[in-house]
Amino acid sequence: MNEKELRSISGYLLFAIGLVMLFGGIIYVINTGSPFEGIFISITGFVILIGLTVINPNEAVVTTFFGDYMGTMKQSGLRWVNPLFRRKKISLRARNLNGQKLKVNDKLGNPIEIAAVVVWRVGDTAKSSFEVDDYVKYVEIQSEAAVRHLAGIYAYDTMEDEDLQIQEVTLRDGSGKINEMLEAELTERLSRAGIDVLEARISHLAYAPEIAGAMLQRQQASAVVAARRQIVNGAVGMVDMALAMLSEKGIVQLDEERKAAMVSNLLVVLCGEKAATPILNAGTLYP
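Below is a short write-up of the structure. All values derive from a computational prediction rather than experimental measurement. (Residues numbered from 1 in each chain as written. Predicted model: local features only at pLDDT ≥ 70, side-chain atom pairs only at ≥ 80, totals over all residues. Heavy atoms only, no water.)

Quick look at the overall build of the chain
We apply this condition: Helix numbering and strand numbering both begin at the N terminus, where a helix is a DSSP run of H or I of at least 4 residues and a strand a DSSP run of E of at least 2. Between buried and exposed lies partly exposed: a residue is buried under 20% and exposed over 50% of the maximum accessible area for its type, with that area taken using a 1.4 Å probe on protein chains only. Only the protein chains shown count as cover for residues, and the accessible areas themselves come from Shrake-Rupley with a 1.4 Å probe.
Broken down by element type, the chain carries seven helices and ten strands. The burial tally for the chain puts 31% of its 287 residues in the buried class. When the accessible surface of the chain is split by element, carbon and sulfur atoms take 58% of a total near 18100 Å².

Okay, here's the thing in structure tokens:
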């Protein structure tokens, strides 16, 4: 079932006519003493007034007639339709769904806490009214299901070595792509209820308390290893450059044993955590 527009007419003139007929019939009865004509006029005016509907901006009115969907009115202001139509107002304004924290397992089986914020609005009033029982509750349940599904197919953080060129998208590092995928999945799930997803993003992401300490230690260890690897790579490059320049310019000739000692000393100086204490050799190059 898809939404269709119901054309209505302005209700200001009919509002005035209904009031005149309603009170005019009463006055007619009082002045003439004839109840039938006056009652008929008053009832007609009352029926006209029943057909009036006030529609606020960003609001729609879904109408049915003995179970048949007649259409949706979206023109704001005082409108008039068939008084026999059953009318239901639906807000078209954007709404925020601040999802609660969910405890789920990620792709690697680690327990994590995750929550999402979804901005949505009703796009198709017919589907929202007739395809689902309660579209607000439907949005809440489907949003929770989408977040659980997304958390289950991605890992919280990568477990691979840092030097790998290709790594999987993770919940922590791939926030932009994760939000896009969450929005796409919500759009697919909520389209059957006529809901437009304006924005969806992860609002909370953390390891569960029972493993948070262990995971923090792992992250710290990974950071230390990555830093050391960077230091060693830089030190080896500097040593290679130093030996190459010494050999190229002929400053000093070193045998293999002296080269090994020089490499060892340079690596100690460059890779050490503390500043090295130099020792000056005042003797000859060879004993």
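Some remarks on the packing of aromatic side chains
For the record, the criterion: Only rings of Phe, Tyr and Trp enter the pairing, Trp through its six-membered ring, and a pair is recorded when the two centres are within 6.5 Å. The plane angle decides the type: under 30 degrees is stacked, over 60 is edge-to-face, the rest tilted.
Applying the stated criterion across every chain yields a total of five aromatic pairs. Measuring from centroid to centroid gives 5.6 Å for F65 and F85, while their planes differ by 65 degrees, and the two rings are edge-to-face. In this pair, F65 sits in strand β3 (residues 59-65) while F85 sits in the loop between β5 (77-80) and β6 (86-91), placing the two residues 20 residues apart along the sequence. Plain terms: the ring middles of Y156 and Y207 are 4.0 Å apart, the flat faces sit at 40 degrees to each other, and that makes the pair tilted. Taken together, the residues Y156 in the loop between α4 (135-153) and α5 (175-190) and Y207 in strand β10 (residues 195-207) connect sequence positions 51 residues apart. Members of the aromatic cluster, joined through ring pairs, are F65, F66 and F85.

Description of the pairing of β5
Note the threshold: In this analysis, strands are considered paired if DSSP registers two or more bridges between them.
Pairing of strand β1 (residues 9-10) with β5 involves two bridges; the strand directions are antiparallel. Its bridge partner lying in β5, S10 is registered against R79. Here four bridges tie strand β2 (residues 52-55) to β5, and the two strands are oriented antiparallel to one another. Directly across from I55, in β5, lies its bridge partner G77.

Thoughts on the packing of helix α1 (residues 12-32) against helix α2 (residues 35-50)
The criterion, for reference: The convention used is that axes are lines fitted to C-alpha atoms, helices contributing only their stretch in contact, and that angles between N-to-C directions extend from 0 to 180 degrees. Should an angle lie under 35 degrees it is considered roughly parallel, over 145 roughly antiparallel, and from 65 to 115 roughly perpendicular; all remaining angles are considered oblique. Each crossing gets its hand from how the near helix is turned against the far one by less than a right angle, where anticlockwise is left-handed and clockwise is right-handed. Any pair of residues with heavy atoms lying within 4.5 Å of one another is described as a contacting pair. Residue polarity follows a fixed list, in which Ala, Val, Leu, Ile, Met, Phe, Trp, Tyr, Cys and Pro are nonpolar, Asp, Glu, Lys and Arg are charged, and the others, Gly among them, are polar.
Two numbers describe how α1 lies on α2: the axes approach to 7 Å, and their chain directions differ by 160 degrees. Considering their axes alone, α1 and α2 lie roughly antiparallel with respect to each other. The two elements α1 and α2 meet at a crossing, and its hand is left-handed. For the pair α1 and α2, contact is made by L14, F15, I17, G18, L19, M21, L22, G25, I26, Y28 and V29 and by P35, E37, G38, I39, I41, S42, T44, G45, F46, I48 and L49, respectively. Considered class by class, the residues forming the contact of α1 with α2 number 15 nonpolar, six polar and one charged.

Brief notes about the sheet that holds β3
Reading across from one edge, β4-β3-β6 is the order of the three strands in this open sheet, with antiparallel pairing throughout. Two strands bound the open sheet, and with one partner strand each, they are β4 (68-73) and β6. Averaged over all neighbouring strand pairs, the angle between strand axes comes to 25 degrees, with direction disregarded.

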